[in-house]
Amino acid sequence: MKYRELGRTGWKISTVSFGAWAIGSSWGDVSDDESLAALHRALDLGVNFFDTADVYGDGHSERLLAKLRNERREPFFIATKAGRRLDPHTSGGYNRKNLRAFVARSLKNLQVETIDLLQLHCPPTEVFYRPEVFGVLDEMVKEGKLRHYGVSVEKVEDALKAIEYPGVQSVQIIFNIFRQRPAELFFAQAKKRGVGILARLPLSSGMLSGKMTLQSRFAKNDHRAFNRHGEAFDRGETFSGVDYNVGLQTVNELRRLVPRGMTMAQMALRWIQMFPEVTCSIPGAKRPSQVEENALAADLPPIPKATMAAIHDIYDDSIRPLVHHYW
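In short, a report on the structure. (Residues numbered from 1 in each chain as written. Predicted model: local features only at pLDDT ≥ 70, side-chain atom pairs only at ≥ 80, totals over all residues. Heavy atoms only, no water.)

### What to know about the overall build of the chain
Scanning the chain from terminus to terminus reveals 11 helices and 10 strands. Here the C-alpha atoms of the chain give a radius of gyration of 18 Å, agreeing with the 20 Å that 2.2 N^0.38 yields for 327 residues. Taking the principal axes of its C-alpha atoms as reference, the chain extends roughly 55 × 40 × 40 Å. Taken across its 327 residues, the chain has 58% of its residues classed as buried. Long-range contacts, defined here as pairs at least 24 residues apart, represent 77% of the contacts in the chain between residues at least 6 apart. A total accessible area of about 13,700 Å² is found for the chain, and carbon and sulfur atoms account for 50% of it. (Helix = DSSP H or I, 4+ residues; strand = E, 2+ residues; numbered from the N terminus. Rg over C-alpha atoms; globule rule 2.2 N^0.38 Å. Buried < 20%, exposed > 50% of the residue type's maximum accessible area, 1.4 Å probe, protein only. Contact = heavy atoms within 4.5 Å. Areas by Shrake-Rupley, 256 points an atom, 1.4 Å probe, with all protein chains shown as cover.)

### Digging into the environment of F18
Within the fold, F18 resides in strand β3 (residues 18-19). Put simply, F18 and A42 are 24 residues apart on the chain and 7.5 Å apart in space, counted from C-alpha to C-alpha.

### Some remarks on the side chain of Q119
Following the sequence through the fold, Q119 ends up in strand β6 (residues 115-121). Looking at Q119, its side chain comes within polar contact range of the side chain of D51, at 2.9 Å. Contacts of Q119, omitting those with residues within four sequence positions, involve D51, A79, T80, K81, A82, G150, V151, S152, Q172 and L198. (Polar contact = N/O pair within 3.5 Å; in protein donor to acceptor, adjacent residues only side chain to side chain.)

### Concerning the nonpolar core
Counting 89 residues, the largest nonpolar core has F18, F50, F134, V171 and L254 as the members making the most contacts within it. Setting aside chain neighbours within four positions, we find F50 in contact with F18, L39, A42, L43, L65, L68, F76, F77, I78 and A79. In terms of nonpolar packing, the next biggest core, distinct from the first, is built from 10 residues, L6, W11, F77 and A79 among them. (Core = buried A, V, L, I, M, F, W, Y, C linked by side-chain atoms within 4.5 Å.)

### What about unusual backbone geometry?
Here D87 and P88 are connected by a cis peptide whose omega angle stands at 5 degrees. Positionally, P88 belongs in the loop between β5 (77-82) and α3 (96-110). Residues other than glycine seldom take positive phi values, yet C122 does so here, at roughly 50 degrees. Take C122: it is sitting in the loop between β6 and α4 (131-142). Phi at S204 takes a positive value of approximately 50 degrees, unusual for a residue other than glycine.

### So, the packing of aromatic side chains
Counting across every chain of the model gives 18 aromatic pairs. Ring geometry for F226 versus F233: centroids 6.3 Å apart, planes at 85 degrees, classification edge-to-face. For F233, a relative accessible area of 22% corresponds to the partly exposed category. Through pairs of rings, three or more aromatic residues link up here, namely F175, F186, F187, W271 and F275. Sitting over the ring of F76, R69 keeps its end group 4.9 Å from the ring centre. (Phe/Tyr/Trp six-rings, centres within 6.5 Å; stacked < 30°, edge-to-face > 60°. Lys NZ or Arg CZ within 6 Å of the ring centre and 35° of its normal.)

### Digging into the environment of I173
Tracing the chain through its elements places I173 in strand β8 (residues 168-174). In the structure, I173 is positioned 102 residues away from E71 in sequence and 31 Å away in space, judged by C-alpha atoms. Those residues in contact with I173 that lie beyond four places of it in its chain are V153, K155, V156, A159, P182, I197, L198, A199 and R200.

The following block contains the structure:
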């Protein structure tokens, strides 16, 4: 495993970390025993950063991570998120009363007195123009309820606004072979301000694993079945906003570029590591075997420059018109 510093926290975190959405909800049926086995295997392989949220299984993902912490001695970091419990999910809901209530609930779920990293969970754009919201987070840092805070965003513009606040230590954003816009401007600005970058959906909801086909079927409680057009939340969260058939066609183009000794998924994860501004990717996993494949990507050789250029060309030709200016 390789490690990079997260913002100005002083933490060195695994370049391939663990996204805990899938073990909580919205990715089909999952076994707690298998989920815990996956979490333990991640620690075995040097993963030391786990990303969750209070809405993943209504806190179930957080509680599984609390169980992991109780069963293991080695230190690791847990980042969670707050805001998506709001219904309706509006800017006005991001207020002192609600944020404090969300934090109190996560502290209980995680069985800790201090949350390592709290992230606002893809709030409406207006929230980033309300400094009082970030003032509440500053208060909770001073009180010892939070060690640090950051944001999770849908759009590059929201990320650029968020890092104007000096307390923001990290930005979580969709970044993968199908979503390359963050690298154009945002990465340089984040580096300038010493802000860490967490790349979510690094495998584009599994599409970039290369294992999906036209015959693939998803359970009714899997967002890859019920949110392809944004029926439940932002459509960019499902297959990066790329049409399923187009995604399959593009993956077939990418297959010829996979370096020897790598799987398609590992190439996708190693591609992200080629950008030094990115602290880590946070692929999800429901089984130990998935964790193993993901974690091994951290130690693979760099992707050749010619391959990086060819990947970018495929993006420009097949994907850019579908996603580039939407997020």
